[in-house]
Amino acid sequence: MKHTASVTLVCSLVLLFSLFRFSDANTESGSNVKPVEVLTAIRAGKLKVIDCSYTYFEGMPGIKLPPPLANTKTFEITNVSRYDERGPAWYWNWFSVGEHAGTHVDAPNHWISGRDNPGVDRIDLGELIVPAAVIDVRGKVASNQDYEVTREDILEWEKMNGKVPEDCLVVMKSGWGSRWPDPVKFLGIDAHGQPHGPGFGESAAEFLLKQRKIAGLAVDTVSTEAMALAGGKKPIPFPVHYMVHGAKKYQIEMLANTDSLPATGALLIVAPVKVQNGSGAPARIYALVGS
Ligand code: MN
């Protein structure tokens, strides 16, 4: 029974993946891949859908850079009408939000090393429907809030799970989500006002970009690199952003519910708002996981 379920799961994932990746080819060749089979697997409980995005609300945690650097608005919402004289039968709002607020994508043009790279509206869809390789560093982060994922952590993961698959998203699972939605805790603000949080170190980023072929990096913290350390690095500050975007790859920050993601086997569907030449955008992200 268990075997049948896992075969079904694998088939469903393969179907879903090929459906999205090769939809044009399928149309031309008349392939009989049926999208509804994925839905059937979800409704039968063979595939779980995990919400990997945080809810936007005023006062939510958002990155704050020190002066003299400029800052982004996080999220503000204004009511237009609510079944009242301003609009008797309808409720609606408008909101403003930073490209890098909440669960969001960093586009390949976000960093100076990738200034001519595609904006968030031009990231290939085939890279936004992506398997996840999830690196669990919760134990290390529990004793060091500035922990940086190393090349050795990736090699350790590979011993258990095999080589990091091609075109996957490498996800840091740090346990940081337990701090949501408290802004002081989520930003790791210390007594001196300095933010903290774990991220990828440059050895891991360099290894994944040069020795493996990845779609990008994702973290459950505010930044893909350790907030208290990355800005002071020499010769290049924020080396992970510099390397990832220089390699035309994207990142995801503030990914929610990473605790529910297995080391392998999750398929992420990443849907950033399509802002013309945006440096990033809020994203609704779902993970499909075998149950
Ligand atoms: Mn960002």
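Refer to the preceding data block for the structure.
Residues numbered from 1 in each chain as written. Predicted model: local features only at pLDDT ≥ 70, side-chain atom pairs only at ≥ 80, totals over all residues.

Colleague: Explain the overall build of the protein to me, please; I cannot follow it from the model alone.
Modeller: From N to C terminus, the protein includes 10 helices and 12 strands. Burial status across the protein gives 38% buried among its 291 residues. Within the protein, contacts between residues separated by at least 24 positions form 73% of all contacts whose residues are at least 6 apart in sequence. (Helix = DSSP H or I, 4+ residues; strand = E, 2+ residues; numbered from the N terminus. Buried ≥ 20, exposed ≤ 12 C-beta atoms within 10 Å, placed from the backbone. Contact = placed C-beta atoms within 7 Å.)

Colleague: Whenever I open this one, helix α8 (residues 202-210) confuses me. Can you help?
Modeller: In an α-helix there are 3.6 residues to a turn, and that puts residues three or four apart on one side. For α8, the set of buried residues is A204, A205 and L208. Buried residues of α8, seen end-on, are gathered within an arc of 95 degrees and therefore sit on one face of the element. Elements that come into contact with the buried residues of α8 comprise β6 (148-149), α6 (151-161), β7 (168-173), β8 (199-200), β9 (214-219) and α10 (239-246). (Arc of directions from axis to C-beta.)

Colleague: Just to check I follow, could you spell out the packing of α6 against α8 for this structure?
Modeller: How two helices sit against one another is set out by the angle between their axes and by the gap between those axes. Two elements in contact, α6 and α8, have axes separated by 7 Å at closest approach and are oriented at 55 degrees. Considering their axes alone, α6 and α8 lie oblique with respect to each other. Of the residues in α8, those in contact with R151, D153 and I154 of α6 are S203, A204, F207 and L208. (Axes fitted to C-alpha atoms, helices over the stretch in contact; angles between N-to-C directions. Parallel < 35°, antiparallel > 145°, perpendicular 65-115°, else oblique.)

Colleague: Explain unusual backbone geometry to me, please; I cannot follow it from the model alone.
Modeller: Most peptide bonds adopt trans geometry, and most residues besides glycine take a negative phi value. Cis geometry is found at the peptide bond from P67 to P68, where omega equals 10 degrees. In this structure, P68 sits in the loop between β1 (47-51) and β2 (75-84). Of note in this structure, M254 is not a glycine but carries a positive phi near 60 degrees. Structurally, M254 can be placed in the loop between β10 (250-253) and β11 (266-272). Judged by C-beta crowding, with 29 C-beta atoms within 10 Å, M254 ranks as buried.

Colleague: Whenever I open this one, the environment of N117 confuses me. Can you help?
Modeller: Take N117: it is sitting in the loop between β4 (104-106) and α4 (125-128). For N117, a count of 19 C-beta atoms within 10 Å puts it in the partly exposed group. Residues N117 and G246, 129 residues apart in the sequence, show an inter-C-alpha distance of 8.3 Å. Ignoring sequence-local partners within four residues, the contact set of N117 consists of P108, N109, H245 and K248.

Colleague: Please clarify how α6 should be interpreted in this entry.
Modeller: Where α6 is concerned, the buried positions are D153, I154 and W157. The arc that holds the buried residues of α6, viewed along the axis, is 100 degrees, so those residues lie on one side. For α6, the exposed residues lying more than 90 degrees away from the buried face are E152 and K159. Where α6 is buried, its residues meet β5 (129-136), β6 and α8.

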